[in-house]
Amino acid sequence: MRRAAEQRPELVRKWREEVYPAIKRRAELEGRGHPLGDETGLRNDDVRGRSFAKRGKTPVVRVLNKRFGRSIISTITNRGQMRWMVFKGALDAGDLPDFLARSRGKAQGVPHLDNLPVHHAKVLRPWLEKHKERIELFFMPGYSPELNPVEVANADLKKNVTSAPPPRTEEQLVENILAHYRSVSKKPKHIKSYFGHPDVRYAA
């Protein structure tokens, strides 16, 4: 187990014991959801899982020398809801409003995000002000990914996608990612299970 040296334990405690419970109560009183969000990425040369070979020989998995990947932003709720968006490159300030606009009518409410600088971009402020009746952002303590249940969901994504044969095309990689999300989004109990990890059980 590793923890960032920059993490501030007092902010982590305050988030668990004061900030998040207050957000949750407010969301419930207002009839809103309170999804938690995060970003991750996958590449075609990220291969995990088991393989086989003759005794004494190292298994070899052949991957393309050309590398390609996709980024994903997703949110989940402790009610078993999931929303996602797959895109090229790193998340920029233009992607976040697009994702929030697409998901606000379904997982609407007060998304909780980590402190990635793009989440605080000034260009987001006019959009958030315009849609403040539907969406409000709250930010988790910095350097504390273990507080976010979406990290568990991201690990599940990578486990399932990277254990399959390496994709030969970008289209195949995208389809593998989408197939995982389509499957999981139909299983509320599976999504709720992400909140069973000891570090994120406070949000269950």
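The following paragraphs examine the structure supplied in this document.

Reading the values: rules and limits
- Residues numbered from 1 in each chain as written.
- Predicted model: local features only at pLDDT ≥ 70, side-chain atom pairs only at ≥ 80, totals over all residues.
- Heavy atoms only, no water.
- Helix = DSSP H or I, 4+ residues; strand = E, 2+ residues; numbered from the N terminus.
- Rg over C-alpha atoms; globule rule 2.2 N^0.38 Å.
- Buried < 20%, exposed > 50% of the residue type's maximum accessible area, 1.4 Å probe, protein only.
- Contact = heavy atoms within 4.5 Å.
- Lys, Arg positive; Asp, Glu negative; His and termini not counted.
- Charge placed at Lys NZ, Arg CZ, Asp CG, Glu CD.
- Pairing = 2+ DSSP bridges.
- Core = buried A, V, L, I, M, F, W, Y, C linked by side-chain atoms within 4.5 Å.
- Expected span 1.5 Å × (residues − 1).
- Phe/Tyr/Trp six-rings, centres within 6.5 Å; stacked < 30°, edge-to-face > 60°.
- Axes fitted to C-alpha atoms, helices over the stretch in contact; angles between N-to-C directions.
- Parallel < 35°, antiparallel > 145°, perpendicular 65-115°, else oblique.
- Left-handed = near helix turned anticlockwise from the far one by under 90°.
- Nonpolar A, V, L, I, M, F, W, Y, C, P; charged D, E, K, R; others polar.

Within the protein one finds six helices and five strands. In the protein, the succession of helices and strands from N to C terminus is α-β-β-β-α-β-α-β-α-α-α. At 18 Å, the protein has a C-alpha radius of gyration in line with the 17 Å of a compact globule built from 204 residues. Seen through its C-alpha atoms, the protein measures out along the principal axes to roughly 60 × 35 × 35 Å. Evaluated residue by residue, the protein yields a buried proportion of 41% over its 204 residues. Put simply, 74% of the contacts in the protein that link residues at least 6 apart link residues at least 24 apart. Side-chain charges in the protein split into 40 positive and 24 negative, and the spacing between the mean points of these groups amounts to 7 Å.

Moving on, we come to the pairing of strand β2 (residues 69-76). Here β2 lies mainly inside the structure; seven of its eight residues are buried. One ladder, built from eight bridges, connects strand β1 (residues 36-43) with β2; its direction is antiparallel. Following the sheet pairing, Gly41 is matched in β2 by Ser71. Where β2 meets strand β3 (residues 82-87), six bridges bridge the pair, whose relative direction is antiparallel. Bridge pairing links Thr75 to Arg83 in β3. The antiparallel hairpin formed by β2 and β3 contains five residues in its connecting segment, where Gly80 sits at a positive phi of about 90 degrees.

Core analysis: the biggest nonpolar cluster contains 26 residues, and Trp15, Ile76, Met82, Leu157, Ile177, Tyr194 and Tyr202 have the highest contact counts within it. Residue assignment for this core shows that the elements contributing at least two residues are α1 (9-29), β1, β2, α4 (149-162) and α5 (170-185). Beyond its immediate sequence surroundings of up to four residues, Leu157 is in contact with Thr40, Leu42, Ile72, Ile177, His180 and Tyr181. Counting residues in hydrophobic clusters, the runner-up holds 15 residues, among them Met85, Ala93, Leu124 and Leu137.

With 21 residues, α1 should reach 30 Å at 1.5 Å per residue; the first-to-last C-alpha distance of 29 Å fits that figure. What α1 keeps buried is the set Val12, Trp15, Tyr20, Ile23 and Ala27. Positive backbone phi, approximately 70 degrees, marks Gly31, located one or two places after α1.

This model, assessed by the stated rule, comprises three aromatic pairs. Where Trp15 meets Tyr20, the ring centres are 6.0 Å apart and the plane angle is 45 degrees; that geometry is what we call tilted. On the numbers, 5.3 Å between centres and 85 degrees between planes, the contact of Tyr20 with Tyr202 is edge-to-face. Taken together, the residues Tyr20 in helix α1 and Tyr202 in the segment after α6 (188-193) connect sequence positions 182 residues apart.

So, on to the packing of α4 against α5. Where α4 meets α5, the axes come as close as 10 Å, and the angle between the chain directions of the two elements is 125 degrees. The orientation of α4 relative to α5 falls into the category oblique. Crossing hand, α4 versus α5: right-handed. Counting all contacts with α4, which are made through Asn154, Asp156, Leu157, Asn160 and Val161, the residues of α5 involved are Asn176, Ile177, His180, Tyr181 and Val184. By residue class, the composition of the contact of α4 with α5 is five nonpolar, four polar and one charged.

As far as function goes, none of this settles anything; it's purely spatial.
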